Every structure is written in C-alpha cells, then in structure tokens.
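Listed below, chain by chain, are the residues.
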Amino acid sequence: MLRDLLVLATSLGAGAADATPWKFGPVYRGEFSGEGAEYLCNKALLLEKAYRAVVIEPCAYDPAEGVWYRVVFAPETAGFGSSS
C-alpha cells in the first residue's frame with residue numbers, strides 16, 4: 001500500500017506543478033509563497049523529518065506558480081498537511 005501511495009504521489013507531484021496544495025490520505029503537497037517562502041518550506045521539511053515523515057519531494061521551486069513546494073507521506077497521527 002505504501003508503495004502504491006508513493007507511486008501515486010510521485011506522479012501527482014510531477015503532474016501538479018501548476019496545481020494548488022492537495023492531500024490524498026497521508027500524502028500531501030504543501031506550498032509556500034511570498035517573502036521567506038524558501039525558509040518556511042525548509043523549516044517544515046526539518047519538522048517533518050523530526051516526526052519521521054517520508055519526504056517524497058523536498059523543497060523545490062515551481063517557477064510557473066512562483067511557489068516553493070514539497071510532497072510528503074505522513075501518518076494521519078502526525079497532523080501534517082492539515083493546513084495546506
């Protein structure tokens with residue numbers, strides 16, 4: 001099941017460069033924009049790693065949308081992705 005979710009997230013992440021943040025079960029894409037967005041994205045990345053979330057796509061810049069984003073697999077109990 002985890003393998004299937006990772007494959008789905010990888011394909012969604014690649015095809016969703018112009019999409020808004022999304023969540024599919026424990027897999028989600030979070031975005032940060034504006035001044036300091038790269039800093040906030042990297043801060044979230046460190047927090048997710050501390051809680052042992054699986055970072056599928058680390059902080060990357062989407063020039064078409066002008067946002068920094070990441071794609072993460074995190075158990076529902078971790079609470080990540082709820083605000084994205």
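Residues numbered from 1 in each chain as written. Predicted model: local features only at pLDDT ≥ 70, side-chain atom pairs only at ≥ 80, totals over all residues. Heavy atoms only, no water.

1. Considerations on the overall build of the chain
Tallying secondary structure elements over the chain gives 2 helices and 4 strands in all. Traced from its N-terminal end to its C-terminal end, the chain shows the element sequence α-β-β-α-β-β. Here the chain holds 84 residues, and the buried ones make up 36% of them. Across the chain, every contact between residues at least 6 apart in sequence was considered, and the portion connecting residues at least 24 apart equals 52%. Accessible surface computed for the chain: about 5,200 Å², of which carbon and sulfur atoms make up 58%. (Helix = DSSP H or I, 4+ residues; strand = E, 2+ residues; numbered from the N terminus. Buried < 20%, exposed > 50% of the residue type's maximum accessible area, 1.4 Å probe, protein only. Contact = heavy atoms within 4.5 Å. Areas by Shrake-Rupley, 256 points an atom, 1.4 Å probe, with all protein chains shown as cover.)

2. Examining the pattern of salt bridges
Following the criterion strictly, the structure yields 3 salt bridges and no others. Residue glutamate 31 pairs with arginine 29 through a salt bridge whose shortest N-O separation is 2.8 Å. In this structure arginine 29 comes out as buried when scored by relative accessible area, which is 0%. Here aspartate 62 ties to arginine 29 by a salt bridge, and the two come within 3.7 Å at their closest N and O atoms. In this pair, aspartate 62 sits in strand β3 (residues 54-62) while arginine 29 sits in strand β2 (residues 27-32), placing the two residues 33 residues apart along the sequence. Under the relative-accessibility criterion, aspartate 62 is labelled buried at 4%. A cluster of three or more residues bridged by salt bridges with shared partners is formed by Arg29, Glu31 and Asp62. (Salt bridge = Lys/Arg side-chain N within 4 Å of Asp/Glu carboxyl O.)

3. Brief notes about the sheet that holds β3
In a beta sheet, neighbouring strands are held together by backbone hydrogen bonds and run either parallel or antiparallel to one another. With respect to topology, 4 strands assemble into an open sheet ordered β1-β2-β4-β3, the strand pairing being antiparallel. Pairing within the sheet leaves two strands with one partner each, and these edge strands are β1 (22-24) and β3. Going across the sheet, the axis of each strand differs from the next one's by a mean of 15°, ignoring polarity. Sheet analysis places β3 next to strand β4 (residues 67-73), joined by 6 bridges and oriented antiparallel. Bridging from a neighbouring strand, aspartate 62 pairs with valine 67 of β4. (Pairing = 2+ DSSP bridges. Axes fitted to C-alpha atoms, helices over the stretch in contact; angles between N-to-C directions.)

4. Observations regarding the environment of leucine 40
On the secondary structure map, leucine 40 appears in helix α2 (residues 37-50). With relative accessibility at 40%, the residue leucine 40 sits in the partly exposed group. Along the sequence, leucine 40 and tryptophan 68 sit 28 residues apart, while their C-alpha atoms lie 9.0 Å from each other.

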